[in-house]
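A structural walkthrough
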Amino acid sequence: MGRLFGTDGARGVAVTELTCELAMQIGRAAAAVLTKHKADGGRANILIGKDTRISSDVLEAALVAGITSVGVDVKLIGVVPTPAVAFLVKAHHADAGVMISASHNSVEYNGIKLFSGTGFKLPDSVEEEIESLILDNPGDIKLKNGCDIGRISTLSDAADEYIEHLKSTADCCFDDLTVAIDCANGSASVTAKKLFTELGAKCLMLSDKPDGCNINDKCGSTHLDNLQRFVEEKGCDLGVAFDGDADRCLAVDDSGNIVDGDKLIAIISDYMKEKETLKNDTAVVTVMSNLGFHTYMKDKGIKTVCTAVGDRYVLEEMLKNGYNIGGEQSGHIIFLDYATTGDGQLTAVQLMNLLVMSKKSLYKLTKEIPDYPQILVNVIINEDQKGKWDKIKAITDMIKNAEEAMGDRGRILVRESGTEPLLRIMAEGTNEEAVSYWIDMITRTVEKELCGGSET
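Details of the packing of aromatic side chains
By the definition in use, this model includes one aromatic pair. Relative to Trp 438, the ring of Tyr 437 lies with its centre 4.9 Å away and its plane at 80°, an arrangement referred to as edge-to-face. For Tyr 437, a relative accessible area of 43% translates into the label partly exposed.

Encoded structure:
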């Protein structure tokens, strides 16, 4: 992981950690690196999108100042989902794209995600080049003056272009579906109702009135309780929930049960296999995927490939070996036939398409997927504690004891978050009591040795 960029861009508490000065420096360095090989010799341009949090406007201003100061033009596309930036960069032949968002994080956080001119997130090597310019060689960035500075314009129809693209991926109309849609008071608030209404669904909207401070606040894909109750009370066919920048989607079935990313990937992959559109009969997932998911996929004759946690690693595997669906349990799902990054609303379109075409309820489609007990605990760590957990004998011994005790009936996974100051501890197995016992033992040991607190 880089010094500024984690697994999903640069992120931190806006203004005090992810400062305006740093945002301007990222704008300058990213523009210098991403446009230096412009082939046609014309003016380079970068698209900038943002989510609804109050700090996005401030960081946008800083980024614009940085980008234009090195002679690169900026096109502002306003509040849009992250995958809209990825789509529009390629559609408008821009040199790069920037999304200002901290995704599922609370309002005080914000982030800067960078996309190449092909619509893909940047590889580690390019991010490292940008980091080096900022931290080691800022003098190498050449500033412009006079008429050579960049110009600023607005792409006014950006959201509508993106909506039309998503509509084109559906095989049918959704006239018979009633869907509850939780927009997390984020980017989906500007696109979801129009998208799904124009596809024919009856839409009941939740958390679609952002005020700058209510993004992800007890709503969206990280807080599904309200959506579960709403789906049951209103008799909806399903509910879908997005996070703040709408690059992930989780669902609720017609009985109020949560349908996570594993189950969405499972049923959509199975449908793709039936249509003979599932390339290499394979889906790519991460090591976090439930053991029950792998059992189901094996029974369906679908191969699974596991990567490290992070949608960028899923994408790398998909591109490397020609797979066209992959994603994470958290709801980041990539449909490479239609998109270059995870897209929550695209996932919802594909899910509703499956419900209509199969003439089955979401409950019936997912009820056969085993769901082994899995507990995840997040232990808060300080900056000076990062990278230490796997070098402390008491912690590694406890993990080893747990793994030996659970044997082939379960597993333990411990990793540091790539976007937050957290150590994530996961235990999973066929015996719920054993899973609960060992997650508690490991968590207690980590807290004792690293002196942190925890949040479940």
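Regarding the side chain of Asn 378
In this structure, Asn 378 sits in strand S17 (residues 374-380). The class of Asn 378 is buried, set by a relative accessible area of 11%. A polar contact of 3.0 Å, which involves the side chain of Asn 378, links it to the side chain of Arg 424.

Side note on the sheet that holds strand S1 (residues 5-6)
Within a sheet, neighbouring strands are paired by backbone hydrogen bonds and run either parallel or antiparallel to one another. With respect to topology, seven strands assemble into an open sheet ordered S1-S2-S6-S5-S3-S4-S7, the strand pairing being mixed. In the strand order of this sheet, the two ends are held by S1 and strand S7 (152-154), each with one partner. Taken strand by strand, helix H1 (residues 20-34) contacts S1, strand S2 (9-13), strand S3 (45-50), strand S5 (96-100) and strand S6 (109-116), and its axis lies near 5° from that of S6. Sheet contacts for helix H3 (residues 82-91): S3, strand S4 (73-79), S5 and S6; angle to S5, the most-contacted strand, approximately 170°.

Notes on helix H5 (residues 158-167)
When we look at burial in H5, the residues that qualify are Ala 158, Ala 159, Tyr 162, Ile 163, His 165 and Leu 166. Down the axis of H5, the smallest arc covering the buried residues is 160°, so these residues share one side. In the core, the buried residues of H5 are packed alongside S4, H3, helix H6 (192-198) and helix H11 (344-358).

Describing the pattern of salt bridges
When their charged atoms lie close together, side chains carrying opposite charge are able to pair. Scanning the model with the defined rule gives 24 salt bridges in all. Notably, a salt bridge pairs Asp 245 with Lys 113, separated by 2.7 Å at the nearest N-O pair. With Asp 245 in the loop between strand S10 (238-242) and strand S11 (249-252) and Lys 113 in strand S6, this residue pair connects regions lying 132 residues apart in the sequence. Beyond isolated ion pairs, a larger network of salt bridges with shared partners links Lys 50, Asp 57 and Glu 60.

Observations regarding the sheet that holds strand S12 (residues 258-259)
Read from one edge of the open sheet, five strands run S9-S8-S10-S11-S12, paired in mixed fashion. Strands at the two margins of the open sheet, each flanked by one partner only, are strand S9 (202-206) and S12. Alignment of strand S8 (residues 178-182) against S9, held across five bridges, turns out to be parallel. Bridged to Ile 181 within S9 is Met 205.

Overview of the packing of H1 against helix H4 (residues 124-135)
Taken N-terminus to C-terminus, the directions of H1 and H4 make an angle of 125°; their axes are 9 Å apart at the nearest point. Viewed along their axes, H1 and H4 adopt a mutual orientation that is oblique. In this structure, the crossing between H1 and H4 has a hand that is right-handed. Residues Leu 22, Gln 25, Ile 26, Ala 29, Ala 30, Ala 32, Val 33 and Leu 34 of H1 form the contact with H4, whose participating residues are Val 126, Glu 129, Ile 130, Leu 133 and Ile 134. Each residue belonging to the contact of H1 with H4 can be placed in one class, and the counts come to eleven nonpolar, one polar and one charged.

Considerations on the state of the cysteines
Under the definition given, this model contains zero disulfides. Cys 203 provides the cysteine sulfur closest to Cys 236, a residue in no disulfide bond, and the two sulfurs are 10 Å apart. Taking relative accessible area as the criterion, Cys 236 reaches 3% and is therefore assigned buried.

Some details on the pairing of strand S19 (residues 422-429)
Within S19, eight of the eight residues are buried, leaving the element largely enclosed by the surrounding structure. Pairing between strand S18 (residues 410-416) and S19: seven bridges, direction antiparallel. Each residue of the ladder has a partner; that of Leu 413, found in S19, is Met 426.

Definitions and limits used
Residue indices follow the written sequence of each chain, beginning from 1 at its first position. Under the rules for a predicted model, residues below a pLDDT of 70 receive no local features and side-chain atom pairs below 80 are neither given nor counted, while totals for whole chains, interfaces and linings still include all residues. Calculation of side-chain values draws on the structure's entire complement of heavy atoms; hydrogens and water are dropped beforehand. Stacked, tilted and edge-to-face pairs are distinguished by plane angle, under 30 degrees for stacked and over 60 for edge-to-face with tilted covering the rest, among Phe, Tyr and Trp rings (Trp via its six-membered ring) whose centres lie within 6.5 Å. Only protein chains enter the accessibility calculation, which uses a 1.4 Å probe. A residue is then buried if its area is under 20% of the maximum for its type, exposed if over 50%, and partly exposed in between. Numbering of helices and strands runs from the N terminus, with a helix taken as a DSSP run of H or I at least four residues long and a strand as a DSSP run of E at least two residues long. Polar contact criterion, stated in full: a pair of N or O atoms within 3.5 Å, where within protein one must be able to donate a hydrogen and the other to accept it, and residues adjacent in sequence count only if both atoms are side-chain atoms. At least two bridges found by DSSP between two strands are what make those strands a pair. The contact criterion used is simple: two residues touch if any of their non-hydrogen atoms lie within 4.5 Å. Lines are fitted to the C-alpha atoms to define the axes, a helix being fitted only along its stretch in contact, and any angle between axes, read from their N-to-C directions, falls within 0 to 180 degrees. Taking the helix axis as origin, the arc is that swept by the directions to the C-beta atoms. Should a side-chain nitrogen of Lys or Arg be within 4 Å of a carboxyl oxygen of Asp or Glu, the pair is scored as a salt bridge. We call two directions roughly parallel when the angle between them is under 35 degrees, roughly antiparallel when it is over 145, roughly perpendicular when it lies between 65 and 115, and oblique otherwise. Definitions for this section: a left-handed crossing has its near helix turned counterclockwise from the far helix by less than a right angle. A right-handed crossing has that turn clockwise. Following the grouping adopted for this structure description, the nonpolar residues are Ala, Val, Leu, Ile, Met, Phe, Trp, Tyr, Cys and Pro, the charged ones are Asp, Glu, Lys and Arg, and the polar ones are all others, Gly among them. Only a pair of cysteine sulfur atoms within 2.5 Å qualifies as a disulfide here.

Any link to function would need more than the numbers given here.
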